[in-house]
Amino acid sequence: MFELWCLHIPVEDRTSFEGLVELVETTVKSESSRASDRPVYLVGESVGACIALAVAVRNPDIDLVLILVNPGTSFHKSQLQTLSAFLNFVPEPLHLTTPQLLTFLTGNFMKMPSTVVGRGFSPEEDNTLSEITSSLLSSLMFLVDILTKESIIWKLKILKTAASFVNSRLHAVKAQTLVLASGNDELLPSSQEAEKLRDAIEKCRTRLFRDNGHKILLEAEFDLATTIKGAGYYRRSRKTDFVSDYLPPTPDELQQAINRDRILNFITDPVLLSTLPDGKIVRGLAGLPREGPAVLVGYHMLLGLELGPMVTGVPSSTGVHIRGLAHPFMFDKNSEQIMPDSAHFDLHRIMGAVPVTGSNFYKLLADKEFVLLYPGGAREALHRKGEEYKLFWPDQPEFVRMASRFGAAIIPFGVVGEDDICDLLLDYNDLQKLPFYDMLDKVLTRDGLKLRTDSMGELQDQGMHPVVVAPKVPGRFYFIFGKPIETRGREKELRDRDEAQRLYLQVKYEVESCINYLKEKREKDPYRSILHRLLYQAVHGPNTEIPTFEP
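Report follows, based on the coordinates. Residue numbers restart at each chain and count upward from 1, following the sequence in its written direction. Under the rules for a predicted model, residues below a pLDDT of 70 receive no local features and side-chain atom pairs below 80 are neither given nor counted, while totals for whole chains, interfaces and linings still include all residues. Where side-chain values are given, they derive from all heavy atoms of the structure, hydrogens and water being excluded.

A closer look at the nonpolar core
Side chains that are nonpolar tend, in soluble globular proteins, to be buried together. With 78 residues, the main nonpolar core has Met 310, Phe 361, Phe 399 and Phe 481 as its most contacted residues. Secondary structure is summarised from DSSP: a helix means a run of H or I of at least four residues, a strand means a run of E of at least two, and numbering begins at the N terminus for each. For this core, the element with the highest residue contribution is helix H21 (residues 497-521), accounting for nine residues. In what follows, a contact means two residues having at least one pair of non-hydrogen atoms within 4.5 Å. Excluding its chain neighbours within four sequence positions, the residues that come into contact with Met 310 are Pro 315, Ile 322, Leu 372, Tyr 374, Phe 413, Phe 479 and Phe 481. The next biggest cluster of nonpolar side chains, apart from the first, holds 32 residues, and it includes Val 21, Val 40, Ile 62 and Leu 68. Take the buried Ala, Val, Leu, Ile, Met, Phe, Trp, Tyr and Cys residues and link them wherever side-chain atoms come within 4.5 Å; each set so joined is a nonpolar core. For every residue, the accessible area obtained with a 1.4 Å probe (protein chains only) is divided by the maximum for its type, and the residue is called buried under 20%, exposed over 50%, and partly exposed between those limits.

This is the structure:
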């Protein structure tokens, strides 16, 4: 992803803050002139974040992306300012016995991977406490030799100067900025500082890691590249292109997505069916093509509950990676601020979701991708009471002619099961009757996030809104992928609007048929209830595949 450079400040070095900024600035200018068509990333932790911000202030015309990790801009509100004055009265080598200072210099040994500390520690191991103590003692002896009190005071002085310089110039930062804040930062109020920077810097987003400490970059299970990708901050050129900038998920990222949906997969035990070329329906995904381009077109269940099992289940079974066309709400900075977690949609981006636009659809098909498309959009996924399994497709054949242009196979699919795991208590009509809901509605349905403004009636309503559901004793999810409809060789034929409309209605009919097939067949599944499935696994083992109806 990157060509890595590292700024190292030797212990005995006494370069001023301005001098450090100039060092980084020189390198940034050199790299920018060498490759002016790509951004330069500055990853700065603590005082490094201040240096990165200062470089951005002094170079507004250079394409920079700032990744600020627990930035030292909050120095004046932290324990470090008190510690700086306290150190003047502490004799050497006792200055290194201050817990806050050790954390500042070394991080938390317990959270570091074995590659950092030489050997990982596990609470289950014998003599763990003595091993940790020995490691800390040897580290302290090493630090006493190289980190004198005078050098530490100098570092804290640099941090104080850096924070003062940057805080007075935050309004001048024009660079794209991502602030990573640790919720368990022992030294700096990083969570509050992230919110301050988000409000002060125009192009700034934040990510909070509640269980991590100050030295998050040294802690196990934290992956900086994954964080950058999830936030949508990885790009190869001056403008973000969600198609060409995309990197497929690593095995760890795929496993992370699977783990996120583990509970849903457990309680719903999805049944995946597909249709062979001869029309035979089989369990599994043998009927899906292995090469694109292809367009998967189907029904969007309430709250998009089918997305997790499908987006992770299909690649796990076939190796085929699905790229979803998603509502712009999932990519909007302001949307993140009203979500419980600003990283709520990060895994969707990591797994390949892109904003739903004609140009993105075109690029994905040109790259021979498998594109996941929901013509019903948000109106279908946030349907009202009594509207489950009803399609809200527009009248126009939006995707048929585009698919035929690239000879893409159209794969209709159906999914059922939302009514087996929850009941819809409050829909959009109910919410509108609540006092003050109109204020939230205006935030969620801003003009910039509206789709299909050229449609009529309820199909024009592609806005986002919450729904309130009540859980039920879980049933089961059922997916069926219909027989692929080939468009290869039909480009000239499907240029005709009537022919395109005819194929469009055929696809819609196939999706409805898939849904009706599953609704009928699931009545014959003896293991539709989770209680029956748990009993089956208790007898046959937890990893045994649970039977279902005969296709």
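Don't stop here, the text continues.
Points about the environment of Lys 229
With respect to the element layout, Lys 229 can be found in helix H9 (residues 224-230). Excluding residues within four positions of it along the chain, Lys 229 makes contact with Met 1, Tyr 234, Leu 247, Pro 248, Pro 249, Glu 253, Arg 349 and Ile 350. A polar atom in the side chain of Lys 229 sits 2.8 Å from the side chain of Glu 253. In protein, a polar contact means a hydrogen-donor-capable atom and an acceptor-capable atom, both N or O and within 3.5 Å, with residues adjacent in sequence counting only if both atoms are side-chain atoms; elsewhere, any N or O pair within 3.5 Å suffices.

Some thoughts on the side chain of Arg 349
Residue position: Arg 349 is located in helix H14 (residues 346-350). Among the residues examined, Arg 349 registers a relative accessible area of 6% and is labelled buried.

Looking at the packing of aromatic side chains
A pair of Phe, Tyr and Trp rings is counted when the ring centres sit within 6.5 Å of each other, with Trp represented by its six-membered ring. The angle between the planes then sorts it: under 30 degrees is stacked, over 60 is edge-to-face, the rest tilted. Taken as a whole, this structure holds 16 aromatic pairs when the rule is applied. On the basis of an interplanar angle of 75 degrees and a centroid distance of 6.1 Å, the ring pair of Tyr 374 and Phe 413 is categorised as edge-to-face. With Tyr 374 in the loop between strand S10 (370-373) and helix H16 (377-381) and Phe 413 in strand S11 (residues 409-416), the pair connects residues that are 39 residues apart, well separated along the chain. The exposure class assigned to Tyr 374 is buried, which follows from its relative accessible area of 9%. Aromatic pair Tyr 527 and Tyr 536: ring centres 5.0 Å apart, planes at 70 degrees, arrangement edge-to-face.

Overview of the pattern of salt bridges
A side-chain nitrogen of Lys or Arg and a carboxyl oxygen of Asp or Glu constitute a salt bridge if their distance falls within 4 Å. Within the structure shown, the criterion is met by 31 salt bridges. Close ionic contact of Lys 472 with Asp 423 constitutes a salt bridge, the shortest N to O distance being 3.8 Å. One end of the pair, Lys 472, is in the loop between strand S13 (468-471) and strand S14 (478-481); the other, Asp 423, is in strand S12 (residues 422-426), and 49 residues separate them in sequence. In this structure Lys 472 comes out as partly exposed when scored by relative accessible area, which is 33%. Three or more residues joined by partner-sharing salt bridges are found here, namely Arg 205, Arg 207, Glu 336, Asp 346 and Arg 349.

A closer look at the sheet that holds S10
We call two strands paired when DSSP finds no fewer than two bridges between them. As summarised here, the arrangement of the eight strands in space is S6-S5-S14-S11-S7-S10-S8-S9, forming an open sheet in which the pairing is mixed. Each edge of the open sheet carries a strand with a single partner, namely strand S6 (281-283) and strand S9 (354-355). Where S11 lies against S14, four bridges are found, and the strand directions are antiparallel. Its bridge partner being in S14, Phe 413 is matched across the sheet by Phe 481. Lines fitted to the C-alpha atoms define the axes, with helices restricted to the stretch that makes contact. Angles between their N-to-C directions range from 0 to 180 degrees. On the sheet, H21 packs against strand S5 (271-275), S6, strand S7 (294-298), S11 and S14 and is oriented at approximately 30 degrees with respect to S11.

Some words on the sheet that holds strand S1 (residues 40-45)
For sheets, the rule is that strands pair by backbone hydrogen bonds, running either parallel or antiparallel. A sheet is described by the order of its strands in space; here four strands give the open sequence S1-S2-S3-S4, paired in parallel fashion. A single partner strand is all that each edge strand has here, and the edge strands are S1 and strand S4 (204-209). Each neighbouring strand pair of the sheet contributes to a mean axis angle of 15 degrees, computed without reference to strand direction. Note that S1 and strand S2 (residues 64-69) share six bridges and pair parallel. Bridging from a neighbouring strand, Val 40 pairs with Leu 64 of S2. Its contacts with the sheet place helix H1 (residues 17-34) against S1 and S2, and it is angled at close to 155 degrees to S1. Set on the sheet, helix H8 (residues 190-200) makes contact with S2, strand S3 (176-182) and S4; between it and S3 the angle comes to about 165 degrees.

Observations regarding the side chain of Arg 235
With respect to the helices and strands, Arg 235 occurs in the loop between H9 and helix H10 (251-260). A relative accessible area of 6% places Arg 235 in the buried class. Separated by 2.7 Å, the side chains of Arg 235 and Asp 63 make a polar contact. Apart from the residues lying within four places of it in its own chain, the contact partners of Arg 235 are Pro 39, Tyr 41, Asp 63, Leu 64, Val 65, Gln 176, Thr 240 and Asp 245.

As for the environment of Leu 505
With respect to the helices and strands, Leu 505 occurs in helix H21. Along the backbone, Leu 505 and Pro 397 are 108 residues apart, and their C-alpha atoms lie at a distance of 8.2 Å.

Brief notes about a nonpolar patch on the surface
Together, Phe 266, Val 473, Leu 531 and Leu 534 make up a nonpolar patch on the protein surface, roughly 410 Å² of accessible area in all. Position of Val 473 among the secondary structure elements: in the loop between S13 and S14. Residues qualify for a patch when their relative accessible area is over 30% and they have no salt bridge, like charges being joined within 9 Å and the nonpolar side chains of Val, Leu, Ile, Met, Phe, Trp and Tyr within 5 Å. Residue burial considers only the protein chains on display, and all accessible areas are found by Shrake-Rupley using a 1.4 Å probe.

Quick word on unusual backbone geometry
The residue after Gly 292, namely Pro 293, is reached through a cis peptide bond having omega 5 degrees. If you trace the backbone, Pro 293 turns up in the loop between S6 and S7. The backbone of Asn 70 shows a phi angle near 40 degrees, a positive value even though the residue is not glycine. Within the element layout of this structure, Asn 70 appears in the loop between S2 and helix H3 (79-87). The exposure class assigned to Asn 70 is buried, which follows from its relative accessible area of 0%.

Some thoughts on the packing of H1 against helix H2 (residues 47-58)
For the pair H1 and H2, interaxial distance at closest approach is 9 Å and the crossing angle is 65 degrees. Crossing handedness for the pair H1 and H2: right-handed. Contact residues: Phe 17, Glu 18, Leu 20, Val 21, Glu 22, Val 24, Glu 25 and Val 28 in H1; Cys 50, Ile 51, Ala 54, Val 55 and Arg 58 in H2. Residues are grouped as follows: Ala, Val, Leu, Ile, Met, Phe, Trp, Tyr, Cys and Pro are nonpolar; Asp, Glu, Lys and Arg are charged; all remaining types, including Gly, are polar. Among the residues forming the contact of H1 with H2, the class breakdown is nine nonpolar, no polar and four charged. Working rule for handedness: look at the near helix, and if it is turned counterclockwise from the far one by less than a right angle, call the crossing left-handed; if clockwise, right-handed.

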